[in-house]
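# Per-entry structural report
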Amino acid sequence: MRKTTTKLADGRELIYFDRDETAFRDEPDRRPLEPVANLSEVRHDPVTGDWVTVAAHRQGRIYHPPTDQCPLCPSTAEHLSEIPAPEYDVAVFENRFPSLAGDAAPELGDGPQNGPGTPDDLAALDPSDLRLARPGVGRCEVVCFTADHSASFADLDESKARLVLDAWTDRTAALSRLPGVEQVFCFENRGAEIGVTLAHPHGQIYAFPFTTPRTGKMIASANDHRARTGRNLFEDLLAAERADPVRVVLAGEHWTALVPFAARWPYEVHLFPNRRVGSLTELAEEERAEFPGLYLELLRRFDRLFGEGLPPTPYIAAWHQAPRRGGAELALHLELFTIRRTVGKLKFLAGVESGMDAFVNDVSPEAAAQRLREVAT
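So, here's what we can say about the structure. Starting from 1, residues in each chain are numbered consecutively following that chain's sequence as written. It should be noted that, the model being predicted, local features are given only for residues of pLDDT at least 70 and side-chain atom pairs only at 80 or more, the latter also being counted only at that level, while totals for whole chains, interfaces and linings use all residues. The basis for the side-chain values is all heavy atoms of the structure; hydrogens and waters are excluded.

This part covers the sheet that holds strand E6 (residues 133-135). In this description, strands pair whenever DSSP reports at least two bridges between them. A run of H or I in DSSP counts as a helix once it spans at least four residues, and a run of E counts as a strand once it spans at least two, with each numbered from the N terminus. Read across the sheet, 3 strands follow the order E4-E3-E6 without closing on themselves; strand pairing throughout is antiparallel. With partners counted over all chains shown, the strands left at the sheet margins are strand E4 (51-54) and E6, one partner each. The average angle at which neighbouring strand axes cross in this sheet is 25 degrees, direction not considered. Pairing of strand E3 (residues 41-44) with E6, which is carried by 3 bridges, proceeds in the antiparallel orientation. Helix axes use the C-alpha atoms of the stretch in contact, all axes being lines fitted to C-alpha atoms, and the angles between their N-to-C directions lie in the range 0 to 180 degrees.

Below is the structure:
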């Protein structure tokens, strides 16, 4: 892999990841861009303990542009995009309209840096302050998987999928070192039904200044399991599912894909390395080598779930990684799910789910796993 770092016209960082070790990147960004003001703020909810990001400047971001105006396609003489090169393998750049940004405050390290529920953060909070807020310090990056506007991650070959994994790993390591960053989250949203506003195949990376609420819950459960049993929660879960594989979808030498026993979404799969690690940076070479084939097969099965002739299955693919502090019991895993529950029907969050975070699943996890096995190539 060859990594080339450059700058866009407004000073944002752009990074090319190429399979060709001899690739040379020197195309300048010829657009007359002015720096964008980042006014994001994170506010503490004293009722739930969650941090909420307020980023009102994002209202002006690009929304469903025509294909010939896509900001993620390579630049041409007629259209200058976010990527100056006429072609690329994988490109990563700072979001022009980020929810979190390094210039949101003059000092990246100011204020309490952990998320809700961690001891040092709670000690730093004034219990009488019900309006605690601080600048939305962090970073948001866009990851373009391919220059082909009409492709999808599932269309990549294994070497390109491996390059994306290497890019995720590189960015996880780099962003984790930024002052004020507590957790790095790599993810992809695909499909207009999910809410994607740019059709070009891409994902994002968020570097949060707090531990996210979902991660905080998982850490609390894992810590409680360790206190009660002396064992790791995720290791026990994976061992139990592999021993009784009714919900196992794919099993490799180094990875296992399974539908969780209490899945929230109609079709939801968690992909775990069989050896527990906390982040992408800890994966061994043999685990990195096996991942592309398994993940691509999983994505292609998602596209075959509902039969031929339908638009591609909308999905979210989310990497769960340990935060900088307090996540020793957490296990790296990728969560893949779709909101499509059957042909022509989507799973919308109802009142009990949006209002109370109490999910009701219309598809049994066992039936979902069986269906995902049936659509194997």
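Still more ground to cover, so stick around.
This next bit is on the side chain of arginine 247. Tracing the chain through its elements places arginine 247 in the loop between helix H4 (233-243) and strand E10 (248-251). Within the local environment of arginine 247, its side chain forms a polar contact with the side chain of glutamate 241, the two groups lying 3.3 Å apart. For arginine 247, the side chain forms a polar contact with the side chain of glutamate 366, separated by 2.8 Å. Two residues form a contact once any of their heavy atoms are found within 4.5 Å. Residue contacts for arginine 247: discarding those within four places in its chain leaves Glu241, Ala257, Leu258, Val259, Pro260, Phe261, Pro365, Glu366, Ala369 and Arg373. Any pair of nitrogen or oxygen atoms within 3.5 Å is treated as a polar contact; in protein, a donor-acceptor pairing is required on top of that, and neighbouring residues in sequence qualify only through side-chain atoms on both sides.

Right, let's get into the pairing of strand E9 (residues 202-208). Of all 7 residues making up E9, 7 are buried, and the element is well covered by its neighbours. Side chains of E9 alternate between two faces, with His202, Gln204, Tyr206 and Phe208 and Gly203, Ile205 and Ala207 buried alike. Bridge count for strand E7 (residues 139-144) against E9 is 6 bridges, and the pairing is antiparallel. Directly across from cysteine 144, in E9, lies its bridge partner histidine 202. Judged from the 5 bridges that link them, strand E8 (residues 183-190) and E9 form a sheet pairing that is antiparallel. The partner of valine 184 across the bridge, within E9, is alanine 207. The buried label applies to any residue whose accessible area, calculated with a 1.4 Å probe on protein chains only, is under 20% of its type's maximum; exposed applies above 50%, and partly exposed to all values in between.

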